[in-house]
Amino acid sequence: RPGVNGQDISGMTLRNGDTLRNDGMRLDVGDRPMRIAFVPWGRFALVLGEAGTLTSVATPSAGALAIIDTVAMPNLGAAELVLSPDGRRVHVLRTDVDDGGGVYTVEVACDGTLAVLEDHFSLRLVQGLGFVPGRPDTAVLVGGQAVFEPLDDDDLRLLRWGVDGWTQVAAFDIFQDFIDAGAIGLSGDGGLVMVPNGAAFSEEGGQVSVLAIDGDRLTEVARLRNLVDARQARFAPDGVTALLSRFEPGRMTIFRV
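Residues numbered from 1 in each chain as written. Predicted model: local features only at pLDDT ≥ 70, side-chain atom pairs only at ≥ 80, totals over all residues. Heavy atoms only, no water.

Some words on the pattern of salt bridges
Alright, step 1. Per the counting criterion, the structure on display carries 10 salt bridges.
Alright, step 2. With a shortest N-O distance of 2.9 Å, R21 and D23 are connected by a salt bridge.
Alright, step 3. Linking D180 and R231 is a salt bridge whose minimum nitrogen-to-oxygen distance equals 2.7 Å. Of the two residues, D180 sits in the loop between β17 (165-172) and β18 (185-186) while R231 sits in strand β22 (residues 230-235), which places them 51 residues apart along the sequence.
Alright, step 4. Each of the salt bridges in this network shares a partner with another, and the network as a whole consists of R135, R160 and D216. (Salt bridge = Lys/Arg side-chain N within 4 Å of Asp/Glu carboxyl O. Helix = DSSP H or I, 4+ residues; strand = E, 2+ residues; numbered from the N terminus.)

Focus: the sheet that holds strand β5 (residues 33-38)
Alright, step 1. Spatially, β5-β6-β7-β8 is the arrangement adopted by the 4 strands of the open sheet, whose pairing is antiparallel. Looking at the sheet topology across the chains shown, the edges are occupied by β5 and β8 (66-72). The average angle at which neighbouring strand axes cross in this sheet is 20 degrees, direction not considered.
Alright, step 2. In this sheet, strand β7 (residues 53-58) lies alongside strand β6 (residues 44-49) in antiparallel orientation, the contact comprising 5 bridges. By the bridge assignment, F44 is partnered in β7 with A58. (Pairing = 2+ DSSP bridges. Axes fitted to C-alpha atoms, helices over the stretch in contact; angles between N-to-C directions.)

Section: the side chain of S209
Alright, step 1. Within the secondary structure, S209 sits in strand β20 (residues 207-214).
Alright, step 2. Accessibility expressed as a relative area gives 0% for S209, which makes it buried.
Alright, step 3. Reaching out from S209, the side chain makes a polar contact with the side chain of E220 at a distance of 2.6 Å.
Alright, step 4. Discounting chain neighbours no more than four positions away, the residues touching S209 are I174, F175, V193, M194, V195, E220, A222 and R223. (Buried < 20%, exposed > 50% of the residue type's maximum accessible area, 1.4 Å probe, protein only. Polar contact = N/O pair within 3.5 Å; in protein donor to acceptor, adjacent residues only side chain to side chain. Contact = heavy atoms within 4.5 Å.)

Here it is in structure tokens:
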């Protein structure tokens, strides 16, 4: 309705890879949907809501959507949803200036039931998380840099997953003042990561840092410039094509790597 935030998701069928058919249903998930991701085995989808709810939805067909389970986390605002490579965990990024920000982790059972892990990885101003291909226990996280107390120069973290959840392995200072990254991209061979900076008030805004991943080290190997409002970076499956969205110019920039 006008003036009321929607709480529905809609099912559609993708036919032959190129035709989208609106033959499904609408399902009220009880919260304004922000992100949706399918588990790798495709039996259900995860829907992240603005107020901090995560809902698993059975998806046997476009016309038979049904809620399996719902769990609650802190109010999220602008957040991101990242599945582990095996789909057994989902990591929710909450951007905040205090200890409530960071990475919240939810375990995903084979039947779609959900369980929020008690402790989250606390970090201010988190913005992007990407698993290193070939290393399912290792991820690159953007966040932590702050020019207010307590000061923190580092804007990239290398994390490792273990029995106690996420732990920080190393931290790196790539951009010198502010960073605004919508999403980072990692190459399929696990050798490169692209980190965009679209911050309007940064001296390094409109730039993309390309970093080599060598064990537990990140080393900048290239800096791409003059990319106004660089927001989200992604590598294509071919391993040599990278995509960069640029919001304000309304452009998608394509690179050969």
